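# Reading the structure
The chain contents come next:
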Amino acid sequence: MPLSLGQVIHILIIGGFSICYIHKQFLDLGIDGEYSHTTGASASLAVLRETMRRLADDEKLTEDEALPCKYFDLIMGSGHGGWVALMLGRLGMPISRAMQAYKSILERITQINLSAQDKAQLFEFLVKRLVCEETGCHDLEEPRLEDDASFQTHCRTAILASTIGNLSAPALFRTYHARNNRRANCFISEAIRASSTPLTSPVTIDGERFVSSSHFGHSNAIDFALSETAKIFPNAETQLIISIGSGHPGHTSFEPHVGSSYEEATIRLAQDAERRSEEFARRADSSIFYYRFNVEQGLQAYCADAENIQGTILTHANAYLDREEVSRRLDAAISQLRGKSSQPRMSSCHLRGF
């Protein structure tokens, strides 16, 4: 179970998505144009699955018994990482079921030829069905994001989403009570969509229109996580932060006709995420144990294998996890997560993007 006030606070941060240039027919969630992101959170999920598998072995548990919501005090995400955060933290799903649900919904949306509006409606239907399957609710009884009963069994979860009126300053949707800057206590499915939806299909909640914040330089939620932790756990002695990126596809355009502005946007997003990570690593004090993981190389190739995007991403994620240095740091993070480590406080992977 997560540790209490005055002890070590466990924080999990799940990255959003990266951008890759691909053909129009592989649009994700109805983004109209000549590019789309398809890495989503698949690479993040692969890293987290390996983390929970090793932890389950160490704790003598089955994989489905090693629930992320039992080991973290706060799970935060942006983009598709927000979607995953809510599955793991608010719905209390095991990592295997979350991966299957994520993969299934993405495949339904990307493998059929629909308009952007129809894809948005299909996404809404599939996410509502997922929530009801996990909570046992009926369509008219979907639970809200903030629910005192669920807090007893699941962990605090927060996701980022940007408003159309102020894209540069993301809003936080929380599963727990907050004194300041509270957003509407919306349905769980609405929060998932707000975190994941593109600019072409904003989600209206309490009169405001929300879109994914990861499109606008906020795929790294580290600063938001630190701010929330200070408010929720003011007496915490130490923080363990495990930050998992969504994978970096590189800066190569695979379509000759794609304009340079798209490629420049990708580079800016990657550089901004790397800058945020490095700045945090420099200013972190001795009370913070920080582990960052991100599939750095190989995702450039998935554009050439668009028929098997998810499989290609997982292949490269597994190759990344097989690296001795990555495996060693992952074991150190797991040992910290179990509360049995005296390793140095900082072990941050050098990344090219988040």
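Preceding this section is the structure that the text describes.
I will try to describe carefully the structure that is included in this document. (Residues numbered from 1 in each chain as written. Predicted model: local features only at pLDDT ≥ 70, side-chain atom pairs only at ≥ 80, totals over all residues. Heavy atoms only, no water.)

## As for the overall build of the chain
Stated formally: Going along the chain from the N terminus, every DSSP run of H or I of four or more residues is numbered as a helix, and every run of E of two or more is numbered as a strand. When a residue's accessible area, from a 1.4 Å probe over protein chains only, is under 20% of the maximum for its type it is buried; when over 50% it is exposed; and in between it is partly exposed. All accessible-area figures derive from a Shrake-Rupley calculation using a 1.4 Å probe, and residue coverage is judged against the displayed protein chains alone.
If you tally the helices and strands in the chain, you get 11 helices and 9 strands. Taking all 354 residues of the chain together, the buried fraction comes to 55%. Here the chain has roughly 14,900 Å² of accessible surface; of this, 46% comes from carbon and sulfur atoms.

## Observations concerning helix α7 (residues 188-196)
Note that an α-helix has 3.6 residues per turn; residues three or four places apart therefore point the same way. We count it as follows: Whether two residues are in contact is decided by their heavy atoms: any pair within 4.5 Å suffices.
Among the 9 residues that make up α7, 9 are buried, leaving the element largely enclosed by the rest of the structure. Taken as a whole, α7 has its buried residues at Ile-188, Ser-189, Glu-190, Ala-191, Ile-192, Arg-193, Ala-194, Ser-195 and Ser-196. Check the buried side of α7 and you find it contacts α3 (80-90), α5 (116-135), β3 (156-163), β5 (203-205) and β6 (208-211).

## Topic: the side chain of Thr-175
Using the following cut-off: Within 3.5 Å is the distance limit for a polar contact, defined as a pair of N or O atoms, with the added protein rule that one can donate a hydrogen and the other accept it, and that residues adjacent in sequence qualify only through two side-chain atoms.
By secondary structure assignment, the location of Thr-175 is in the loop between β4 (166-174) and α7. Of the residues examined, Thr-175 reaches a relative accessible area of 5% and is grouped as buried. Within the structure, the side chain of Thr-175 is placed 2.9 Å from the backbone nitrogen of Thr-157, a separation counted as a polar contact. Those residues in contact with Thr-175 that lie beyond four places of it in its chain are Leu-86, Arg-90, Leu-145, Glu-146, Asp-147, Cys-155, Arg-156 and Thr-157.

## Things to note about the packing of aromatic side chains
What counts, and what does not: We call Phe, Tyr and Trp rings a pair once their centres come within 6.5 Å, taking the six-membered ring for Trp, and we label the pair stacked below 30 degrees between planes, edge-to-face above 60, and tilted otherwise.
Taken as a whole, this structure holds 3 aromatic pairs when the rule is applied. Consider the rings of Trp-83 and Tyr-102, whose centres lie 4.7 Å apart with planes at 55 degrees: the pair is tilted. Of this pair, Trp-83 sits in helix α3 while Tyr-102 sits in helix α4 (residues 95-110), and the two are 19 residues apart along the sequence. Judged by its relative accessible area of 0%, Trp-83 falls in the buried class. For Tyr-102, a relative accessible area of 1% translates into the label buried. Taking the centre distance of 5.3 Å and the plane angle of 65 degrees together, the rings of Trp-83 and Phe-123 count as edge-to-face. Taken together, the residues Trp-83 in helix α3 and Phe-123 in helix α5 connect sequence positions 40 residues apart.

## Focus: the pattern of salt bridges
Condition: Within this document, salt bridges are pairs made up of a side-chain nitrogen of Lys or Arg and a carboxyl oxygen of Asp or Glu, the two lying within 4 Å of each other.
Per the counting criterion, the structure on display carries 13 salt bridges. A salt bridge links Arg-183 to Glu-208, with the nearest nitrogen and oxygen atoms 2.5 Å apart. Note that Arg-183 is positioned in the loop between β4 and α7 and Glu-208 in strand β6, a separation of 25 residues in sequence. Residues joined by salt bridges that share partners form a network here, namely Glu-50, Arg-54 and Asp-331.

## Here's the deal with unusual backbone geometry
The phi dihedral of Lys-60 falls on the positive side, at around 60 degrees, and the residue is not glycine. By the element assignment, Lys-60 lies in the loop between α1 (42-59) and α2 (68-71). In the Ramachandran plot, Asp-206 falls in the positive-phi region, its phi being about 55 degrees despite a non-glycine side chain. Mapped onto the fold, Asp-206 is located in the loop between β5 and β6. The class for Asp-206 is exposed, based on a relative accessible area of 67%.

## Focus: α4
Rules: Take the residue count of a helix, subtract one, and multiply by 1.5 Å to get its expected span. Summarising the geometry, the arc corresponds to the directions from the helix axis toward the C-beta atoms.
Across its 16 residues, α4 extends 22 Å between first and last C-alpha, which sits within 8% of the 22 Å expected from 1.5 Å per residue. Looking only at α4, the buried set comprises Ile-95, Ala-98, Met-99, Ala-101, Tyr-102, Ile-105, Leu-106 and Ile-109. Looking down the long axis of α4, one finds its buried residues gathered within 165 degrees of arc, a one-sided arrangement.

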